[in-house]
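Single-letter residue listing:
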Amino acid sequence: MSQTRDADVVVVGAGPAGSATAYHLASTGLDVALLEKTAFPREKVCGDGLTPRAVMSLTAMGIDTSEAAGWMHNKGLRIIGGGMRLEIPWPELASYPAYGLVRTRTDFDDVLARQAVKAGAVLHERTSVTAPVLSERTGHIAGVTARTEDGEVTYRAPVVVAADGNSSRLALAMGLQKRDDRPMGVAVRTYYTSPRHNDDWLESWLELWDRADGSPGSRDRLLPGYGWIFGVGDGTSNVGLGILNTSTAFGHVDYKGLLRRWLDQTPEEWGFREENRTQPVRGAALPMGFNRQPHYTRGLVLVGDSGGMVNPFNGEGIAYAMESGEVAARVIAQALARPTADGRERALQAYPQILKQTYGGYYTVGRLFVKAIGDDRVMKLATRHGLPHPLLMRFVLKLMANLTDPRGGDPMDKVINALSRLAPAA
Ligand SMILES: Cc1cc2nc3c(=O)[nH]c(=O)nc-3n(C[C@H](O)[C@H](O)[C@H](O)COP(=O)(O)OP(=O)(O)OC[C@H]3O[C@@H](n4cnc5c(N)ncnc54)[C@H](O)[C@@H]3O)c2cc1C
């Protein structure tokens, strides 16, 4: 006999999207069941880099992001490419702080889940959701079944949130497939003991080179993909690279070999060599530009990677996971306060519209950008001619990290906001 437990909202997955949703829902006094198949602390494949957008979302969850609380702060982005090395500080804005962070996901996701619990959400670890439970009358989701240490448990709620990441079995089971007309990335990362571990800039490599080794016929070769080196501050650096599906190399690449070849060209003293590697090289997908839609259907709300919310410009997914969680919580709280089923449904339908208004145009511009840089020649031209112009690069940073003031911003903000407004929503 399976047990049944009731809640106001069931949230499936306790990554940044799920924990942020659960935190904001619980803060309004709702009874939230947060279901997670693993147990914290646990690893998650990621670059561990957080922009000022993510810092804002952490602050909105009441999380202390000071260095004293264990966060590694950074000043901005260092870009390496076209023979140049450029440091661009995070912009000074009313809307976002001027610092970013690095924290391993082993710690980060644990901190967020605990914060959701502090706000009153009930976290069920080692609880693997297996299927939606549908209302026979309406066809809407009415809960989920899960495999737990106590056997099968059914969690029932009028609204269920899919925060179960890129593969989102729950969304799939509700008939929501991935769209293949949206950008997708694949990235790998690992950690090395390195003297660069306390670098206070996020370092991004626009060109990865495999240098000639002096043997006959050998020559410098440009490798596909973009790399990063993020100091974690604990003696190690998170190092990785990603490739977009618009690149001709996508789908037939030996990612581990690629990472090795790139890092072998970096200075020996940085330490990015096999003997200093502290973790296996692991990879995962980055679903971009709203690759699963609609974000609300039949009682199911999609947040974070389950709704393909990674920013196509820079591969950042954590901030969007947390922001969508906050928006979803606000909408769900309003919906659950409505006295009728029709009223509730109308309120929930607002969620995909808000997402489209907030990110849709920007993601469309991002999709065009990703398409353009899929052509090596465009990327080469942009690197050669863009990087030598600091003012242009400040604009590019604002655009790529989606950091502008919506009201009263500078002329760069106005151009970026106008672009996003004018582009059709993704
Ligand atoms: C190599 C790599 C590097 C990246 N680097 C960065 C970076 O530096 N900065 C950044 O902002 N973003 C980065 N991203 C993207 C970022 O990792 C994701 O966008 C982010 O994790 C999305 O959060 P989420 O909560 O939606 O999903 P996830 O973090 O994937 O969380 C989903 C959760 O759901 C749980 N779950 C899944 N299925 C079930 C189930 N059936 N039942 C119960 N629980 C379930 C999982 O265990 C997991 O805890 C990177 C991604 C990759 C692959």
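Before any of the text, the structure's been laid out above.
Presented here is an overview of the structure given in this document. Source: prediction; values computed, not measured.

So, how was this worked out
- Positions within a chain are numbered from 1, following the residues in the order the chain's sequence is written.
- With the structure being a predicted model, the display of local features is reserved for residues of pLDDT at least 70 and the display and counting of side-chain atom pairs for 80 or more, all residues being used for whole-chain, interface and lining totals.
- As a rule here, side-chain values cover all heavy atoms of the structure and leave hydrogens and water aside.
- Strands here mean DSSP runs of E at least two residues long; helices mean DSSP runs of H or I at least four residues long; both are numbered from the N terminus.
- As a reference, a globule follows 2.2 Å times the number of residues to the power 0.38, and the radius of gyration itself is taken over C-alpha atoms.
- Whether a residue is buried, partly exposed or exposed follows from its accessible area with a 1.4 Å probe, protein chains only, as a fraction of its type maximum: under 20%, in between, or over 50%, in that order.
- Every residue pair with non-hydrogen atoms within 4.5 Å of one another is taken to be in contact.
- Computed with the Shrake-Rupley method and a 1.4 Å probe, the accessible areas treat only the protein chains shown as cover for residues.
- Charged residues are defined here as Lys and Arg on the positive side and Asp and Glu on the negative side; His and the ends of the chain fall outside this count.
- Just so you know, the charge point we use is NZ for Lys, CZ for Arg, CG for Asp and CD for Glu.
- Expected helix span is given by 1.5 Å per residue-to-residue step, counting one fewer step than there are residues.
- Throughout this description, the term salt bridge denotes a Lys or Arg side-chain nitrogen within 4 Å of a carboxyl oxygen of Asp or Glu.
- In this description, strands pair whenever DSSP reports at least two bridges between them.
- Simply put, an axis is a line fit to the C-alpha atoms, just over the touching stretch for a helix, and the angle between two N-to-C directions goes from 0 to 180 degrees.
- Here a residue is near a molecule or strand as soon as one of its heavy atoms is found within 4 Å of it.
- Contacts described as polar in this section are N or O atom pairs within 3.5 Å, which, within protein, must combine one atom able to donate a hydrogen with one able to accept it, while residues neighboring in sequence count only if both atoms come from side chains.

A closer look at the overall build of the chain
In terms of helices and strands, the chain carries 10 helices and 22 strands. The C-alpha atoms of the chain give 22 Å as radius of gyration, which agrees with the globular expectation for 426 residues (22 Å, within 12%). Its C-alpha atoms give the chain principal-axis dimensions of about 70 × 50 × 45 Å. Here the chain holds 426 residues, and 55% of them are scored as buried. Across the chain, contacts joining residues at least 24 apart in sequence account for 71% of those joining residues at least 6 apart. Carbon and sulfur atoms make up 52% of the accessible area of the chain, which totals about 18,400 Å². Charged side chains of the chain number 48 positive and 46 negative; the gap between the two group centres comes to 5 Å.

Here's the deal with the side chain of Thr145
If you trace the backbone, Thr145 turns up in strand S11 (residues 141–148). If near-sequence neighbours (up to four positions away) are discounted, Thr145 is found in contact with Ser128, Val129, Thr130, Ala131, Val133, Glu152, Val153 and Thr154.

Section: helix H3 (residues 105–118)
Because each turn of an α-helix spans 3.6 residues, side chains separated by three or four positions end up pointing in the same direction. With 14 residues, H3 ought to run about 20 Å at 1.5 Å a step, and its terminal C-alpha atoms sit 19 Å apart, in line with that. For H3, the set of buried residues is Arg105, Phe108, Asp109, Asp110, Leu112, Ala113, Gln115 and Ala116. On its buried side, H3 packs onto helix H1 (16–27), strand S3 (32–35), strand S4 (49–50), helix H2 (52–60), strand S9 (122–124) and helix H6 (318–336). Of the residues trailing H3, Gly120 is marked for its positive phi of about 120°.

Section: the pattern of salt bridges
Evaluation of the coordinates by the stated rule reveals 28 salt bridges. A salt bridge links Arg196 to Glu203, with the shortest nitrogen-to-oxygen separation between them at 2.6 Å. According to the relative accessible area criterion, Arg196 is buried, its value standing at 13%. Residue classification places Glu203 among the buried positions, given a relative accessible area of 2%. Because the salt bridges share partners, they merge into one network encompassing Arg78, Arg85, Glu87, Arg196, Asp199 and Glu203.

Looking at the side chain of Ser237
Take Ser237: it is sitting in strand S19 (residues 236–244). If near-sequence neighbours (up to four positions away) are discounted, Ser237 is found in contact with Thr190, Tyr191, Tyr192, Ser194, Arg196, His197, Ile229, Phe230, Gly231, Val232 and Phe272.

What to know about the sheet that holds S11
Hydrogen bonds between backbone groups are what pair the strands of a sheet, and the pairing can be parallel or antiparallel. The strand order across the open sheet built from four strands is S1-S12-S11-S10, with neighbouring strands paired in mixed fashion. In the strand order of this sheet, the two ends are held by strand S1 (3–6) and strand S10 (128–134), each with one partner. Strand-to-strand twist across the sheet, computed as the mean angle between neighbouring axes with direction ignored, equals 25°. Strand direction decides the pairing type here: S11 and strand S12 (residues 151–156), joined by six bridges, are antiparallel. Across the sheet, the residue bridging to Val144 is Tyr155, located in S12.

Section: the site of the ligand
What surrounds the ligand is a group of 38 residues, the closest being Glu36, Arg42, Gly47, Gly49 and Asp305. Pro16 is positioned such that a nitrogen or oxygen atom in its backbone is 3.2 Å from an oxygen atom of the ligand. One nitrogen or oxygen atom from the side chain of Asp305 is found 2.7 Å from an oxygen atom belonging to the ligand. Protein chains shield 93% of the accessible area of the ligand, which is 1,000 Å² for the free molecule. The element contributing the most residues to the shell around the ligand is strand S20 (residues 282–287), with three residues.

Topic: helix H9 (residues 390–400)
All of the buried residues in H9 are Met393, Leu397, Lys398 and Leu399. Those residues of H9 that are buried lie in contact with strand S6 (76–81), strand S7 (84–89), helix H7 (341–373), helix H8 (376–386) and helix H10 (411–422). Backbone geometry just downstream of H9 places Asn402 in the positive-phi region, at approximately 55°.

None of this, on its own, says anything about what the molecule does.
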